[in-house]
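Here are the chains, one letter per residue:
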Amino acid sequence: MDKYDLVIKNGMVVDVKDGDIKNVNIGINGNKIITLTKHNIFGKIELDAEGLLVSPGFIDVHGHIDGHLECGKLSALQGVTTTIGGNCGGGPLNIKDFFYKQDKDGFIINQAQLIGHSFTLRETVGINNPYISANRDQINKMSDILKKSFEDGAIGLSFGIEYAPGSSKEEILLLSKIAKEYNKVVPIHTNVNLPRDLTSLKDAIEISKKTGAHVLISHFVYQYGTGIISEALDLVDDARKHGLKVSVDSGMYSAFSTFIGSTIYDESYIKKFGWKISDMLVATGKYKGEHLTKKTYDELRTYGKDESVICFAGVEEEIYEALKKEYVMLSSDTGPSPSGKTSEGHPQNAGTFPRFFRKMVRERQELSIMEAIKKCTIIPARTFGLKGKGVIREGEDADIVIFDINKICDKAKFPDKGEPDAKPEGIPYVIVNGQIVVKNSNIVNDVRSGKCIKDFPACNI
Ligand SMILES: [Zn+2]
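Residues numbered from 1 in each chain as written. Predicted model: local features only at pLDDT ≥ 70, side-chain atom pairs only at ≥ 80, totals over all residues. Heavy atoms only, no water.

**Comments concerning the overall build of the chain**
- Counting secondary structure elements, the chain contains 14 helices and 22 strands.
- In summary, the chain has a C-alpha radius of gyration of 21 Å against a globular reference of 23 Å for 461 residues, a match within 12%.
- Considering only C-alpha atoms, the chain reaches an extent of 70 × 45 × 45 Å along its principal axes.
- By residue count, 61% of the 461 residues in the chain fall in the buried class. (Helix = DSSP H or I, 4+ residues; strand = E, 2+ residues; numbered from the N terminus. Rg over C-alpha atoms; globule rule 2.2 N^0.38 Å. Buried < 20%, exposed > 50% of the residue type's maximum accessible area, 1.4 Å probe, protein only.)

Shown next as structure tokens:
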């Protein structure tokens, strides 16, 4: 009798390709799904998934984990088996070295990496002022590094135009054109320069129009969930209707977080948007959990530039409005705090995926189980060309999350209200490349079965 390395029995297996849920047992050998069968099968390890959904592992298309293990664990506990890093124009410069080190040390989930423009490439070619444009020579240098990064396995080119508002159209378009030549996705953190204004979104769509690149608008609700989400979604709908490759990802919170030294927290910017310093919550460091005062703002802007501050700028209902759209993918925007401690930061790092299923499927019933799971699995896999990911099918990678749709629940809180890294409930098992990394809702120590994803046939939406 066949004996598999791992068998998942009696579960409700989510087939995102056919759009149905099947009562089959899954046999896994090594890192691959070998069989899906109604017959009884046996394994060296057997998991009983009676009453539980057995879903393809979640793919988080927008993160800043970039090899940070503790942050990776918070994602694994949520059911994330693949994260895409290097977003918003940041992240590691040398993709080859990054992958080498990650493969050598091992990581808990799979990682794909974008190469960032606004911090990474610009700083590498000597641009230290976010308000100036790259010159011709610097653009050429960035182009060379970009090509090399793609050859080394970068999954796309990310922009954080808001963090480098001086970036010229020329530099953005030239680099995006190269991404198109390599058939890579271009995630853009848009430059929301004025309140209730959609010019930045039109500019991002224009990049796709002019270069043919597949543009992904990052953390959409953080950009446009400020009372203008309907108009913003209309623009994306229209672009897609005209055949442009424009995708969207969005999270489950209306309050964004970024480092206080960024251009977004310049006094002129805060004033322009009508935000109040006293409404902003320090997420990391010695003032964690406190609202900003003029004194702490000045101090951190000078001596604590990397500390995270949360800005409550959004409208909660607009989160749901965006995620109801069939093409909008779920993303967390997770990333480590400057100290590396997970007990500080934004609750998105530990709560995004369970919150999505709790709110949108169970409580608000705005998405079916199938619709919700597709946004975290097959749609991201297709967008980025992640081969073997996002589906439970024979021959594909054994990345699987097992959860209880009646119990799945986020426990993470904003740092003035509780623990931002509190573990979710209702997600008993997470399997990465055939290895159990979360068991009984706890991290299994020392399992490092995540892989770096370096080759993909390229995006195919
Ligand atoms: Zn961003």
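**A short note on the domain arrangement of the chain**
- The domain architecture assigned to the chain consists of domain 1 (3-54 + 404-443), domain 2 (57-253 + 314-339 + 346-388) and domain 3 (255-313).
- Once you take the C-alpha centre of each, domain 1 and domain 3 turn out to be 39 Å apart. (Domains from an automatic or database assignment.)

**Here we look at the pairing of strand 12 (residues 185-189)**
- Burial of strand 12 is extensive: five of the five residues sit out of reach of the surface.
- Residues Val185, Pro187 and His189 of strand 12 are buried on one face, and the alternating residues Val186 and Ile188, pointing to the opposite face, are buried as well.
- Examined bridge by bridge, strand 11 (residues 156-160) and strand 12 share three bridges and lie parallel to one another. Following the sheet pairing, Phe159 is matched in strand 12 by Ile188.
- After leaving strand 11, the chain enters helix 5 (residues 169-181) and then returns to the sheet as strand 12, a path that is right-handed.
- For strand 12 and strand 13 (residues 214-217), the ladder comprises four bridges, and the chain directions are parallel. (Pairing = 2+ DSSP bridges. Right-handed = clockwise from strand over helix to strand, strands pointing away.)

**Looking at the coordination of the zinc ion**
- The protein atoms that coordinate the zinc ion are Cys88 (SG), His189 (ND1) and His219 (NE2), at distances spanning 2.0 to 2.2 Å.
- Mapped onto the sequence, the donors of the zinc ion take the spacing C-x100-H-x29-H. With His189 in strand 12 and His219 in the loop between strand 13 and helix 7 (220-224), the pair connects residues that are 30 residues apart, well separated along the chain. Neither His189 nor His219 differs from the other in exposure class; each is buried. (Donors = N, O, S within 2.8 Å, 3.2 Å for Na, K, Ca; no water.)

**Notes on the pattern of salt bridges**
- Applying the stated rule across the entire model yields 33 salt bridges.
- Ionic pairing is found between Arg393 and Asp15, a salt bridge with its closest N-O pair at 3.1 Å. Remark: Asp15 occurs in strand 2 (residues 12-15) and Arg393 occurs in the loop between helix 14 (378-384) and strand 19 (400-403); sequence separation between them is 378 residues.
- Given a relative accessible area of 24%, Arg393 falls into the partly exposed group.
- A relative accessible area of 6% means that Asp15 is categorised as buried.
- Asp399 is the salt-bridge partner of Lys389, the closest N and O atoms lying 2.7 Å from each other. Of the two residues, Lys389 sits in the loop between helix 14 and strand 19 while Asp399 sits in the loop between helix 14 and strand 19, which places them ten residues apart along the sequence. Considered together, Lys389 and Asp399 belong to a single accessibility category, that of buried residues.
- Residues joined in a network through salt bridges with shared partners are Asp15, Asp18, Asp20, Lys22 and Arg393. (Salt bridge = Lys/Arg side-chain N within 4 Å of Asp/Glu carboxyl O.)

**Thoughts on the sheet that holds strand 10 (residues 110-116)**
- Taken in spatial order, the eight strands of this open sheet run 8-9-10-11-12-13-14-18, and their pairing is parallel. In the strand order of this sheet, the two ends are held by strand 8 (58-60) and strand 18 (328-330), each with one partner. The mean inter-strand angle of the sheet, taken between neighbouring strand axes irrespective of direction, is 25 degrees.
- Across three bridges, strand 14 (residues 246-250) lies against strand 18 in parallel orientation. Residue pairing for strand 18: Ser250 is matched across the bridge by Leu330.
- Across the sheet, helix 11 (residues 316-324) touches strand 14 and strand 18, and the angle it forms with strand 18 is around 115 degrees. (Axes fitted to C-alpha atoms, helices over the stretch in contact; angles between N-to-C directions. Contact = heavy atoms within 4.5 Å.)

**As for unusual backbone geometry**
- If you check the backbone angles, Ser441 has positive phi at about 65 degrees while not being a glycine.
- Despite not being glycine, Asp446 has its phi angle at roughly 70 degrees, a positive value.
- Relative to the helices and strands, Asp446 is located in the segment after strand 22 (442-443).

**Here's the deal with the sheet that holds strand 3 (residues 20-22)**
- Strand order in this open sheet of seven strands is 3-2-7-19-20-21-22, and the pairing throughout is mixed. Sheet topology places strand 3 and strand 22 at the edges, where each strand pairs with a single neighbour.
- Where strand 2 and strand 7 (residues 53-56) come together, two bridges link them in parallel fashion. Following the sheet pairing, Val13 is matched in strand 7 by Val54.

**Observations concerning the packing of aromatic side chains**
- Scanning all chains against the criterion turns up 19 aromatic pairs.
- Here the aromatic rings of Phe119 and Tyr163 are separated by 5.2 Å at their centres, their planes lie at 40 degrees, and the arrangement is tilted. Taken together, the positions of Phe119 in helix 3 (residues 117-124) and Tyr163 in the loop between strand 11 and helix 5 put the pair 44 residues apart, joining distant regions of the chain.
- Judged by relative accessible area, Tyr163 falls into the buried class, the value being 10%.
- Judged by centre distance (5.2 Å) and plane angle (55 degrees), the rings of Phe312 and Phe414 are tilted. Here Phe312 is found in the loop between strand 17 (308-311) and helix 11, whereas its partner Phe414 is found in the loop between strand 19 and strand 20 (429-432), with 102 residues between them in sequence.
- Judged by its relative accessible area of 42%, Phe312 falls in the partly exposed class.
- Across from the ring centre of Tyr320, 3.8 Å away, lies the NZ or CZ of Arg364, which sits over that ring. (Phe/Tyr/Trp six-rings, centres within 6.5 Å; stacked < 30°, edge-to-face > 60°. Lys NZ or Arg CZ within 6 Å of the ring centre and 35° of its normal.)

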